[in-house]
Amino acid sequence: MNKTKLEKAVKEPMIMNQKLFIQKSGEILNSMSMEQLRRCLYNIARKTHESKREAFLKLLEDCCDQDERDSKDKFLYKRLIPDEKVKEKLSEIKSIFTKIENGELCLSAQGYEDYSNGYWASEWIWEYEDNEGISRIIEDAVLFAHDCMNDCRYEEAVTIFNLVMDTQIFVEDEWGGDSFELSLEEMVDEELVSVNLKVFALDVLYSNYQLQTAAQRASVLYSYFTYPYFKDIHIEDIFSIGREELRDTDMFLQSWIDFLMRQSGEVAARLLREGLLYYKGTEGLLEMARKSYKEHPSLYLAGLLEYEKTHDYEKIKEIGKEALDRIESDLKIRGEIALKAAQASHCVNDSKFMRKCWYEAFYSNSTVPNYLRLFADEEVTREYKVPAENRIEELHISDCHNNHSISETSKNNVTELEYKYLCFFSGNFDRIQNWCMKQKNPLGWSGNFISHGLDLMILYLYVGNNLGKAGKKIAVQVSNRIGFNESKNLLFMKESSVFETEVSVQKGDEIFWNIFCLWKVNYAITMDEMKSHVEWLESIIDKRIDGIVGGKFRDKYNDVALLAAALGEVKESLGMKMAKDMVINRYLERYPRHSAFRGALKEYID
């Protein structure tokens with residue numbers, strides 16, 4: 001890692017969690033004199049934004065009242081809303097939400113198809129009418145629930161919050177179609193209701209914390225995380241809102257962690273990692289990882305990420321090795337851990353373990369980028385090329401499409417398309433050609449492997465490192481299809497940038513082609529075999545162009561013009577002079593009246 005990037009990383013401010021912040025604040029406050037405390041509070045008041053001033057004054061008033069309360073009792077702050085008003089308002093809200101739930105109050109809407117983004121990218125748009133004032137009803141209810149929370153009326157607040165969250169809003173189609181329902185989140189997304197869902201979610205959790213018994217808190221709070229707008233909420237955030245300080249937080253956090261340990265899924269895993277870090281710190285997180293790595297292997301990765309913040313590469317390498325030895329080798333998350341350990345090993349000059357980690361990253365998460373990484377270093381290639389090829393043949397092919405986020409329980413399965421890509425990159429070119437030849441018709445390629453296979457073979461058959469205009473476009477297509485630019489540690493293939501993960505698209509494409517060229521050296525074929533593959537390519541592309549242009553499928557003209565030009569560049573790279581011009585001119589002569597296709601071809605004339 002170069003010095004500039006390291007210095008930049010060291011200078012980045014660390015975010016202090018709420019627990020440590022309160023602890024340090026308490027230490028400083030306890031050391032201050034009465035006069036210093038007054039001066040401190042005065043400066044805070046002076047700098048308080050106008051939107052926060054009322055809350056700050058209420059905080060001061062609450063602190064003044066605190067001495068008058070019995071410290072043995074629960075904090076009972078002065079309530080500002082009369083009991084009778086709360087009772088009356090709550091009854092009114094319950095009544096009106098019953099009407100909404102029963103469909104007596106509803107929205108109306110007119111729908112139409114929007115073609116502003118093109119005919120093939122149309123979407124259905126609804127225009128709503130809120131003649132019953134439902135949006136205002138919801139906003140008023142949320143505001144009153146917030147007031148109840150700040151008035152320490154948690155039962156009333158939770159009652160209203162639950163009504164707002166669980167009541168579906170009926171929508172009648174004015175054109176006579178089927179009615180449908182909108183949730184609170186959908187109402188916000190449609191800009192029908194002005195509610196800050198993050199503030200709303202924190203209010204819900206805080207109120208429930210205050211209302212529920214210690215034995216019920218963890219399960220009740222966790223149940224709210226089924227709502228989509230809780231997905232980015234951090235449980236520790238509730239410790240810094242509300243008038244009353246939350247009591248028994250240590251007891252709660254322990255019960256929260258114990259409860260989450262028994263849950264599965266990404267929400268529970270994320271909350272567990274955050275809870276452990278907040279309550280027990282990095283060492284506590286690793287202690288729990290060692291106990292429960294079978295159920296929650298992501299705890300190891302979370303620990304590595306914490307040590308990465310302090311650039312403790314020896315520790316990352318040590319913990320990474322421990323995790324790789326323990327975690328099931330068929331879990332994708334183990335691949336992420338392997339890459340972190342490889343990064344750290346590079347920084348402490350342990351090249352041997354770094355190379356092993358590269359292989360383990362591919363073994364556990366068998367993506368094409370992870371496979372190609374094995375060809376960035378000659379020693380890695382010599383040692384791990386054959387084991388990696390054997391690993392490909394062992395992979396389980398699944399129908400499930402992978403997304404880029406890896407859950408802690410994701411198995412190292414690949415789709416059929418991913419498997420075919422790996423077969424190509426492990427040198428099975430005849431199999432690639434056979435899979436392509438299953439497509440007998442020059443039309444109807446969408447969703448079939450042939451378009452992928454042709455692009456791969458065009459790049460492979462090109463001799464030389466400097467691609468032409470068409471070849472560069474093909475390389476970009478392949479890079480995007482394998483997720484190369486989106487894969488983590490993309491620049492890990494460049495020694496000076498091992499920790500850089502965000503790169504420009506252009507730079508990522510250059511790295512892909514460079515690594516492709518390094519890979520290709522290890523899978524050479526004879527010149528006769530190359531010529532045979534080129535002849536096959538030419539016959540397939542010729543039939544494809546006749547099918548597309550002859551059938552006047554104008555939306556595909558650019559695609560087939562690209563194939564023709566790329567084929568010409570391949571033939572030129574093999575020593576045939578002016579081959580690209582010859583291929584292009586052949587099709588210009590064949591289709592003299594197809595101006596759109598001719599225009600697409602001429603884009604590639606040098």
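Residues numbered from 1 in each chain as written. Predicted model: local features only at pLDDT ≥ 70, side-chain atom pairs only at ≥ 80, totals over all residues. Heavy atoms only, no water.

1. With respect to the overall build of the chain
Part 1: When you go through the chain residue by residue, the secondary structure sums to 27 helices and six strands.
Part 2: For the chain, the proportion of its 606 residues judged to be buried stands at 46%.
Part 3: Within the chain, contacts between residues separated by at least 24 positions form 66% of all contacts whose residues are at least 6 apart in sequence.
Part 4: Within the structure as shown, the chain displays about 32400 Å² of accessible surface, and the carbon and sulfur contribution to it stands at 49%. (Helix = DSSP H or I, 4+ residues; strand = E, 2+ residues; numbered from the N terminus. Buried < 20%, exposed > 50% of the residue type's maximum accessible area, 1.4 Å probe, protein only. Contact = heavy atoms within 4.5 Å. Areas by Shrake-Rupley, 256 points an atom, 1.4 Å probe, with all protein chains shown as cover.)

2. Things to note about the environment of L567
Part 1: Structurally, L567 can be placed in helix α25 (residues 557–573).
Part 2: For the pair formed by L567 and K580, sequence separation is 13 residues and the distance between their alpha carbons is 7.3 Å.
Part 3: If near-sequence neighbours (up to four positions away) are discounted, L567 is found in contact with V534, L537, E538 and I541.

3. Section: the packing of helix α22 (residues 469–481) against α25
The angle between the axes and the distance between the axes are what describe a pair of packed helices.
Part 1: As a packed pair, α22 and α25 sit with axes 8 Å apart at the nearest point and diverge in direction by 115°. Accordingly, the angle class assigned to the pair α22 and α25 is roughly perpendicular. Judged by the sense of rotation from one axis to the other, the crossing of α22 with α25 is left-handed. For the pair formed by α22 and α25, the contact residues are K469, A470, G471, K473, I474 and Q477 on the first element and L562, A565, A566 and E569 on the second.
Part 2: Tallied by class, the residues present in the contact of α22 with α25 amount to five nonpolar, two polar and three charged. (Axes fitted to C-alpha atoms, helices over the stretch in contact; angles between N-to-C directions. Parallel < 35°, antiparallel > 145°, perpendicular 65-115°, else oblique. Left-handed = near helix turned anticlockwise from the far one by under 90°. Nonpolar A, V, L, I, M, F, W, Y, C, P; charged D, E, K, R; others polar.)

4. Details of the packing of aromatic side chains
Part 1: A complete count under the given rule lists 37 aromatic pairs for this structure.
Part 2: Seen in terms of ring centroids, F225 and W256 are 6.3 Å apart; in terms of plane orientation they differ by 50°. Their pairing is tilted. Separated by 31 residues along the polypeptide, F225 in the loop between α10 (214–223) and α11 (249–261) and W256 in helix α11 bring together distant segments of the chain. Of the two residues, F225 and W256, both sit in the buried class.
Part 3: The lysine or arginine in question, R217, covers the ring of Y209, its NZ or CZ lying 4.2 Å from the ring centre.
Part 4: Positioned above the aromatic ring of W445, the side-chain terminus of R544 is 4.1 Å from the ring centre. (Phe/Tyr/Trp six-rings, centres within 6.5 Å; stacked < 30°, edge-to-face > 60°. Lys NZ or Arg CZ within 6 Å of the ring centre and 35° of its normal.)

5. Some thoughts on the pairing of strand β3 (residues 169–173)
Part 1: A one-sided burial pattern is seen for β3, the buried positions being I169, V171 and D173 and the unburied ones F170 and E172.
Part 2: For β3 and strand β4 (residues 180–182), the ladder comprises three bridges, and the chain directions are antiparallel. When the bridges of β4 are listed, I169 appears paired with L182.
Part 3: Where β3 folds back onto β4 in an antiparallel hairpin, the turn is made up of six residues, including G176, whose phi is positive at roughly 90°. (Pairing = 2+ DSSP bridges.)

6. Notes on the environment of T367
Part 1: Along the chain, T367 falls in the loop between α16 (351–364) and α17 (368–372).
Part 2: Residue classification places T367 among the partly exposed positions, given a relative accessible area of 27%.
Part 3: Along the primary structure T367 and Y421 are separated by 54 residues, whereas in three dimensions their C-alpha atoms are 9.3 Å apart.
Part 4: Non-local contacts of T367, meaning those with residues more than four positions away in its chain, are made with F362 and L422.

7. Quick look at the pattern of salt bridges
Part 1: Counted under the stated rule, the structure contains 30 salt bridges.
Part 2: K340 is the partner of E308 in a salt bridge, and the nearest nitrogen-oxygen pair spans 3.0 Å. Of this pair, E308 sits in helix α13 (residues 298–309) while K340 sits in helix α15 (residues 332–347), and the two are 32 residues apart along the sequence. Just as E308 is buried, K340 falls in that class too. (Salt bridge = Lys/Arg side-chain N within 4 Å of Asp/Glu carboxyl O.)

8. Structural notes on the side chain of E236
Part 1: For E236, the position within the fold is in the loop between α10 and α11.
Part 2: Salt bridges are absent for the buried E236, whose nearest opposite-charge side chain, R270, sits at 7.0 Å.
Part 3: What E236 contacts, discounting residues up to four positions off in sequence, is E274 and Y278. (Lys, Arg positive; Asp, Glu negative; His and termini not counted.)

9. Thoughts on helix α19 (residues 416–425)
One turn of an α-helix holds 3.6 residues; hence residues three or four places apart share an orientation.
Part 1: Most of α19 is tucked away: seven of the 10 residues are buried.
Part 2: Along α19, the residues that are buried comprise Y419, K420, Y421, L422, C423, F424 and F425.
Part 3: Positive phi shows up at G427, right after α19, with a value of about 90°.

Function cannot be read off these values alone, since they describe shape.
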